[in-house]
Amino acid sequence: MTLQPSTVAREGHFDHNAALAACAVGDAAALRRIYEWEAANLVGIAVRILRRRDLAHDVVHDAFVQVWQRAVTFDPARGSGRTWIISLVRHQCFKALRRTSRERALDGVAQAALPDEAADAFSRLAALQEAEALHRCLQLLDRPKREAILLAYVDGLSQSQIAEHRNVPLGTVKAWVRRGLLSLRECLG
Amino acid sequence: MMPRDPQERDLIAAEYVLGHLSEEQADEVERALASDADLGECVRAWEERFLPASLLAAPVPPDGSLWQRIENAVQAASTPRPVARARIGWLAASWRNLGLWRLATAALAASLLITMLGLPGRVSRPAFVAVLQARDAPDGAGWIIQVDEDRTVHSTPLRRTDIEAQRVLQLWTLMDPAKGPVALGLLPPSAAVRLPAERLPAIGAGQLFEITLEPAGGSQIGRPTGRILYIGRAAAVAS
């Protein structure tokens, strides 16, 4: 049976924690349920960071194997299952970036698209109910800090890539990110 | 070198989540996470703060072959290797046949047996061993808990445990009766697992370990809610 994860807004609700608990006791159908619900989102996150479909598939594959093997260590008291799964995917992306030499320059087209993406990301956050607090707190930052943080989180850019793209010294980007994070923590709690 | 100032550590946690640490720094954070609960909390808090931004990446439907690849990999990872299965079977049979369970120093006997057989995947020797007996059977050694010097916990079932649907096995340890049992993790009923060292706050001779039957996801109240299936005390392994 070919699974076709939905790409449109999903109806209903999925209990990630319960699915992870089931994976922990060897219930493979639970892993498949997680896949059905999240695979398109997770491949999307990986494609956004890696900008390559083939690598993104490898990363999501490795992440699902980790979900299966580590589900027994997931502790619902310490955070949400969805965040845990997404974090596994993100860290696999960072490993892939290191393997394929992350300091390679972005190509010209990708570079040009970045400022729009960062501004776009911020305005789209406004429309997401779940992002209300994050949007409000990012709004307190000036544009360079806000966009540096979004380029880092959503697009997976390193500080030197952000510096190159903005044509500022690396130290400036470090300061933007640091101050942006301090302000976010104070605002978000 | 990890900074000691709490605010600086929190910023390192944030940069770890953003993917801005070098490979060496990220490795250092991952090693620290194994034993530093506060750092773990910082990392988790930043993951939750940023999580809504993960919704900004447009979904990309995966190739149809992706699930099959995952399923193949997971089945390969889940099938106990024949050697491992045979050894667990031999361990259980030896336990009963040799009458080792009769020995007063049961945990020492178990540690001798384990050292002799060399359970697969083990590199370091255990520092403590607890043999958990089934509540309802006389020679009912059901589970072996081994704790390494770095407090990694290895859990090995000696027999099959049939559990009802929507139920899980949860491992607890009791260090201070006044504080009650501490949850260590959920256990698959028929596979050996390793729990990370950060789960076990302390280990000492005589320390009680028990496995209870809990609802799916484990006990939600930080205390056992279900019946105890296996229970035993740790003994130091003679070195």
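Residues numbered from 1 in each chain as written. Chains lettered and ligands numbered in written order. Predicted model: local features only at pLDDT ≥ 70, side-chain atom pairs only at ≥ 80, totals over all residues. Heavy atoms only, no water.

**Focus: the overall build of chain A**
Here is step 1 of the chain: Check the secondary structure of chain A and you find nine helices and zero strands.
Here is step 2 of the chain: What you see in chain A, going N to C, is helices and strands ordered as α-α-α-α-α-α-α-α-α.
Here is step 3 of the chain: By sequence separation, contacts in chain A at least 24 residues apart represent 65% of the contacts at least 6 residues apart.
Here is step 4 of the chain: Summing over all exposed atoms, chain A offers an accessible surface of approximately 8,500 Å²; the carbon and sulfur share of this is 51%. (Helix = DSSP H or I, 4+ residues; strand = E, 2+ residues; numbered from the N terminus. Contact = heavy atoms within 4.5 Å. Areas by Shrake-Rupley, 256 points an atom, 1.4 Å probe, with all protein chains shown as cover.)

**With respect to empty space enclosed by the protein**
Here is step 1 of the chain: Applying the stated criterion across every chain yields a total of three cavities of 30 Å³ or more.
Here is step 2 of the chain: Roughly 60 Å³ of volume is contained in the second largest cavity.
Here is step 3 of the chain: Around the second largest cavity, the lining residues are A:T83, A:I86, A:S87, A:R90, A:H91, A:Y153, B:V17, B:E47 and B:L51.
Here is step 4 of the chain: With five residues, helix α4 (residues 81-99) of chain A is the largest single contributor of residues to the lining of the second largest cavity.
Here is step 5 of the chain: For the lining of the second largest cavity, the class distribution of residues is four nonpolar, three polar and two charged. (1 Å grid on protein atoms, 1.4 Å probe; cavity = no way out; pocket = protein on both sides within 12 Å on 5 of 7 lines; lining within 4 Å. Points joined across faces, edges and corners; volume = space filled by probe spheres on them. Nonpolar A, V, L, I, M, F, W, Y, C, P; charged D, E, K, R; others polar.)

**Some details on helix α1 (residues 6-18) of chain B**
Here is step 1 of the chain: With 13 residues, α1(B) extends 18 Å between its outermost C-alpha atoms, agreeing within 8% with the 18 Å of an ideal straight helix rising 1.5 Å per residue.
Here is step 2 of the chain: Of the residues making up α1(B), those classed as buried are B:D10, B:L11, B:I12, B:A13, B:A14, B:Y16, B:V17 and B:L18.
Here is step 3 of the chain: Those residues of α1(B) that are buried lie in contact with α4, α7 (143-153) and α9 (170-188) of chain A together with α2 (23-33) and α3 (37-50) of chain B.
Here is step 4 of the chain: With a side-chain oxygen lying 3.2 Å from the backbone nitrogen of B:Q7, the N-terminal cap of α1(B) falls on B:D5.
Here is step 5 of the chain: One or two steps after α1(B), the chain reaches B:G19, where phi turns positive at roughly 80°. (Expected span 1.5 Å × (residues − 1). Buried < 20%, exposed > 50% of the residue type's maximum accessible area, 1.4 Å probe, protein only. Polar contact = N/O pair within 3.5 Å; in protein donor to acceptor, adjacent residues only side chain to side chain.)

**Examining the packing of helix α1 (residues 16-24) of chain A against α4(A)**
Residue and element names in this part refer to chain A.
Here is step 1 of the chain: Relative to each other, α1 and α4 sit at 65°, their axes nearing to 7 Å. Classified by the angle between their axes, α1 and α4 sit roughly perpendicular to one another. Here H16, N17 and L20 of α1 come into contact with α4, specifically with G81, R82, W84 and I85.
Here is step 2 of the chain: When the residues that make up the contact of α1 with α4 are grouped by side-chain class, the tally is three nonpolar, three polar and one charged. (Axes fitted to C-alpha atoms, helices over the stretch in contact; angles between N-to-C directions. Parallel < 35°, antiparallel > 145°, perpendicular 65-115°, else oblique.)

**Considering the pattern of salt bridges**
Here is step 1 of the chain: On inspection of all chains with the given rule, the structure shows 16 salt bridges over all chains.
Here is step 2 of the chain: Here A:D58 ties to B:R69 by a salt bridge, and the two come within 3.0 Å at their closest N and O atoms. With A:D58 in helix α3 (residues 53-70) and B:R69 in helix α4 (residues 65-78), the pair connects residues from two separate chains.
Here is step 3 of the chain: For A:D58, a relative accessible area of 33% puts it in the partly exposed group.
Here is step 4 of the chain: With a relative accessible area of 32%, B:R69 lands in the partly exposed category.
Here is step 5 of the chain: Between B:E41 and B:R44 there is a salt bridge, and its shortest N-O distance comes to 3.5 Å. Residue B:E41 and its partner B:R44 are located together in helix α3, separated by three residues, close to a single helical turn. (Salt bridge = Lys/Arg side-chain N within 4 Å of Asp/Glu carboxyl O.)

**Quick look at the confidence of the model for chain B**
Residue and element names in this part refer to chain B.
Here is step 1 of the chain: With 76% of its residues at a pLDDT of at least 70, chain B reaches an overall mean of 79.
Here is step 2 of the chain: Taking the mean pLDDT of every element in chain B, the minimum, 45, falls on helix α5 (residues 82-97) and the maximum, 96, on α1.
Here is step 3 of the chain: Taken together, the stretch residues 79-90 has pLDDT below 50 and engages in nine contacts with residues farther than four places along the chain or on a different chain.
Here is step 4 of the chain: Segment residues 95-106 is flagged for pLDDT under 50; beyond a separation of four residues in sequence, or across chains, it makes 19 contacts in the model.
Here is step 5 of the chain: The ipTM, which scores confidence in the relative placement of chains, is 0.89 for this predicted complex, and the corresponding pTM is 0.63. (pLDDT = per-residue confidence, 0-100.)

**Considering the interface of chain A and chain B**
Here is step 1 of the chain: Contacts between the two partners involve 67 residues from chain A, matched on the other side by 53 residues from chain B.
Here is step 2 of the chain: For the pair chain A and chain B, the summed buried area comes to about 5,700 Å², and 65% of that belongs to carbon and sulfur atoms.
Here is step 3 of the chain: Between chain A and chain B we count four salt bridges in total.
Here is step 4 of the chain: Across the pair B:E8 and A:R178 runs a salt bridge, and its minimum N-O distance is 2.8 Å.
Here is step 5 of the chain: At the boundary of chain A with chain B, the tally comes to 17 residue pairs in polar contact (both at pLDDT 80 or more).
Here is step 6 of the chain: Put simply, the parts of the chain that give the side of chain A that touches chain B at least two residues each are α1, α2 (28-50), α3, α4, α5 (108-127), α7, α8 (159-166) and α9 of chain A.
Here is step 7 of the chain: Here the residues of the side of chain A that touches chain B sort into 37 nonpolar, 16 polar and 14 charged. (Buried area = accessible area lost by both parts, 1.4 Å probe.)

**Digging into the state of the cysteines**
A covalent bond between the sulfur atoms of two cysteines is what we call a disulfide.
Residues and elements named next belong to chain A.
Here is step 1 of the chain: Throughout the structure, instances matching the rule amount to one disulfide over all chains.
Here is step 2 of the chain: Linked covalently through their sulfurs, C137 and C187 form a disulfide whose S-S length is 1.9 Å. A torsion of -70° about the S-S bond marks the disulfide between C137 and C187 as left-handed. Of the two residues, C137 sits in helix α6 (residues 132-139) while C187 sits in helix α9, which places them 50 residues apart along the sequence.
Here is step 3 of the chain: Residue class for C137 comes out buried when judged on its relative accessible area of 0%.
Here is step 4 of the chain: With relative accessibility at 25%, the residue C187 sits in the partly exposed group. (Disulfide = S-S within 2.5 Å.)

**So, the sheet that holds strand β4 (residues 167-174) of chain B**
All names here are of chain B.
Here is step 1 of the chain: One open sheet holds the eight strands; their spatial order is β5-β4-β7-β8-β1-β2-β3-β6, and the pairing between them is antiparallel. Edge positions in the open sheet fall to β5 (182-187) and β6 (193-195), since each of these has one partner strand only. Here the average twist between neighbouring strands, direction ignored, is 25°.
Here is step 2 of the chain: Note: β4 against β5, five bridges, orientation antiparallel. Looking at β5, one finds that T173 is bridged to V182. (Pairing = 2+ DSSP bridges.)

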